[in-house]
Amino acid sequence: MHIRTVEGLVAAGLVDDDAALDAVAAKYVIGITPTVLALIDADDPNDPMARQFVPTPAELETTQEERADPIGDLSHSPVEGIVHRYPDRVLLKAVHVCPVYCRFCFRREMVGPQGLGTLTPAQLDAAVDYIASHDEIWEVILTGGDPLVLSPRRLAEMMARLAGIAHVRIVRFHTRVPVVEPERVDAAMIEALKASGKTTYLAVHANHPREFTPMARAAMARMADAGIALVSQSVLLAGVNDDVETLAALMQGFVENRVQPYYLHHPDLAPGTSHFRVSIAKGQALVSALRGRISGLCQPVYVLDIPGGHGKADIGAATIVGDEGHYSVRDWQGQIHRYPPETDDKV
Ligand code: SF4
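Residues numbered from 1 in each chain as written. Predicted model: local features only at pLDDT ≥ 70, side-chain atom pairs only at ≥ 80, totals over all residues.

### A closer look at the environment of Glu245
Right, so step 1: Structurally, the position occupied by Glu245 is in helix H10 (residues 244–256).
Right, so step 2: For Glu245, a count of 11 C-beta atoms within 10 Å gives the class exposed. (Helix = DSSP H or I, 4+ residues; strand = E, 2+ residues; numbered from the N terminus. Buried ≥ 20, exposed ≤ 12 C-beta atoms within 10 Å, placed from the backbone.)

Right, dumping it as structure tokens:
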């Protein structure tokens, strides 16, 4: 059962009938795939899967610092569907639909049926023309929404258009499909992902190790076997993954599935999401704790998208301060060392 309504949530035993949820649903779309539904433990009031996907009245509470466009996409959008924030890469947002709707989504005001919709053929033409006429664009990042909701035929058509642009060398997809609807990742989809003939990267969005079901693992294996480079994308979320055991298992799970840990996002200031936010100090302590605990292969970069469209900043714990000849370096256990060491430290 693909749940899209409050009635569906009630029928599945995930919520009680609650008028406040109708108000939430009127603002923010609901979506839970059968795969995700099977992962939710309805008897656990703190279930990390339910917390990510089942709406709550807390979403009606907005705080002063929250904003509809938390990472400033719109201020860098020269044509519909394109975000050109950094010189060598653009986002191409062809579709604003997702198989699931995450309750913490940073683009929650833009996705779903009331959102920005799907690019019309004329808008897609203009977006592709923009990419073709800017030869500094080395990488095109397909995001949205979730680009893998498109049929393989439509994806392949889009990829064929990028194939003709010589300066584009990398095509990257950001998607939750491999974990929330893994059956979509079939041979036709994989062919479509590679149809540009460019180097294909795919960022898998997962936030809890339980998302690595046998079906999800198989989907990631099919993509890795097909030569698609896989990187990870997670959001640090209170009550979902804000403890070192869960984060460590999540990052190890990525590596076990040939997904290179990449970004751990500090949660953005999206409306009605304050119940998901952790402090930056806590995030820094968590990423520091990961360093000693698990392999170097499993270390994500902890990033903040600076509100207003100023791009990402690496906010992992600063491990070195000072200037030439007088550095202090903090090790993974929190101890401070001088660099270079004093002469009598020499062994
Ligand atoms: S899949 Fe991505 S874009 Fe869609 S609701 Fe979740 S976070 Fe937002």
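### Regarding the site of the ligand
Right, so step 1: In the vicinity of the ligand, the contacting residues are Cys98, Val100, Tyr101, Cys102, Cys105, Arg107, Val111, Gly144, Gly145, Asp146 and Arg176.
Right, so step 2: By residue class, the composition of the shell around the ligand is six nonpolar, two polar and three charged. (Near = placed C-beta within 6 Å. Nonpolar A, V, L, I, M, F, W, Y, C, P; charged D, E, K, R; others polar.)

### Considering the pairing of strand S11 (residues 327–330)
A regular strand carries its side chains on alternate faces of the sheet.
Right, so step 1: Bridge count for strand S10 (residues 320–321) against S11 is two bridges, and the pairing is antiparallel. Residue Val321 lies in a different strand from S11, and its bridge partner there is Ser328.
Right, so step 2: With four bridges joining them, S11 and strand S12 (residues 336–339) adopt antiparallel strand pairing. Following the sheet pairing, Arg330 is matched in S12 by Ile336. (Pairing = 2+ DSSP bridges.)

### A look at the domain arrangement of the chain
Right, so step 1: Domains assigned within the chain are domain 1 (64–314) and domain 2 (318–347).
Right, so step 2: With centres defined by C-alpha atoms, the gap from domain 1 to domain 2 works out at 36 Å. (Domains from an automatic or database assignment.)

### Concerning helix H5 (residues 121–132)
Right, so step 1: In a regular helix each residue adds 1.5 Å, so twelve residues correspond to 16 Å; H5 covers 16 Å between its end C-alpha atoms and thus fits that length.
Right, so step 2: Turning to H5, its buried residues number three or more, namely Ala127, Val128 and Ile131. Down the axis of H5, the buried side of the element spans an arc of 95 degrees, and every buried residue falls inside it. (Expected span 1.5 Å × (residues − 1). Arc of directions from axis to C-beta.)

### Considerations on the packing of H10 against helix H11 (residues 280–293)
Right, so step 1: In contact at an axis separation of 10 Å, H10 and H11 are set at 60 degrees when each is read in the N-to-C sense. Taken together, the axes of H10 and H11 lie oblique to each other. Handedness of the crossing formed by H10 with H11: right-handed. Here H10 contributes Val244, Leu247, Ala248 and Met251 to the contact with H11, which in turn contributes Leu286, Ala289, Leu290 and Arg293.
Right, so step 2: Partitioning the contact of H10 with H11 into residue classes produces seven nonpolar, no polar and one charged. (Axes fitted to C-alpha atoms, helices over the stretch in contact; angles between N-to-C directions. Parallel < 35°, antiparallel > 145°, perpendicular 65-115°, else oblique. Left-handed = near helix turned anticlockwise from the far one by under 90°. Contact = placed C-beta atoms within 7 Å.)

### Focus on the sheet that holds S11
Right, so step 1: Overall, antiparallel pairing links the three strands, which are arranged S10-S11-S12 in an open sheet. Taken across any chain shown, the strands that pair with only one partner, and hence form the sheet edges, are S10 and S12.

### Here's the deal with the sheet that holds strand S3 (residues 139–143)
Right, so step 1: Read across the sheet, nine strands follow the order S1-S2-S3-S4-S5-S6-S7-S8-S9 without closing on themselves; strand pairing throughout is mixed. Each end of this open sheet is capped by a strand with a single partner; those strands are strand S1 (82–86) and strand S9 (312–314). Between one strand axis and the next, the sheet turns by 30 degrees as a mean value, whatever way the strands run.
Right, so step 2: Bridge count between strand S5 (residues 199–205) and strand S6 (residues 229–235): five bridges; the pairing is parallel. By the bridge assignment for S6, Val204 is matched with Ser232.

### Brief notes about unusual backbone geometry
Right, so step 1: Gly145 follows Gly144 through a cis peptide bond whose omega is 10 degrees.
Right, so step 2: Secondary-structure assignment places Gly145 in the loop between S3 and helix H6 (152–163).
Right, so step 3: Unusually for a residue other than glycine, Arg258 sits at a positive phi of about 65 degrees.
Right, so step 4: Among the secondary structure elements, Arg258 is positioned in the loop between H10 and strand S7 (259–265).
Right, so step 5: You can call Arg258 partly exposed: it has 15 C-beta atoms within 10 Å.

### Quick word on H10
Right, so step 1: With 13 residues, H10 ought to run about 18 Å at 1.5 Å a step, and its terminal C-alpha atoms sit 18 Å apart, in line with that.
Right, so step 2: Listed as buried for H10 are Leu247, Leu250, Met251, Gly253 and Phe254. In a view along the axis of H10, the buried residues occupy a sector of 155 degrees, so they form one face of it.
Right, so step 3: Looking at the buried side of H10, the elements it contacts are S6, S7 and H11.
Right, so step 4: With its phi angle positive at about 65 degrees, Arg258 sits one or two positions after the end of H10.

### Thoughts on the environment of Gln64
Right, so step 1: Following the sequence through the fold, Gln64 ends up in the loop between helix H4 (48–53) and S1.
Right, so step 2: Residue Gln64 is classed as exposed on the basis of its 6 C-beta neighbours within 10 Å.
Right, so step 3: Sequence separation between Gln64 and Pro271 is 207 residues, and the spatial gap between their C-alpha atoms is 9.3 Å.

### So, the environment of Glu66
Right, so step 1: Checked against the element boundaries, Glu66 lands in the loop between H4 and S1.
Right, so step 2: With 17 C-beta atoms counted inside 10 Å, the residue Glu66 sits in the partly exposed group.
Right, so step 3: Here the alpha-carbon distance between Glu66 and Leu39, two residues 27 residues apart in the chain, equals 30 Å.
Right, so step 4: In this view, Glu66 contacts Leu269, Ala270 and Pro271; residues no more than four positions away in its chain are not counted.

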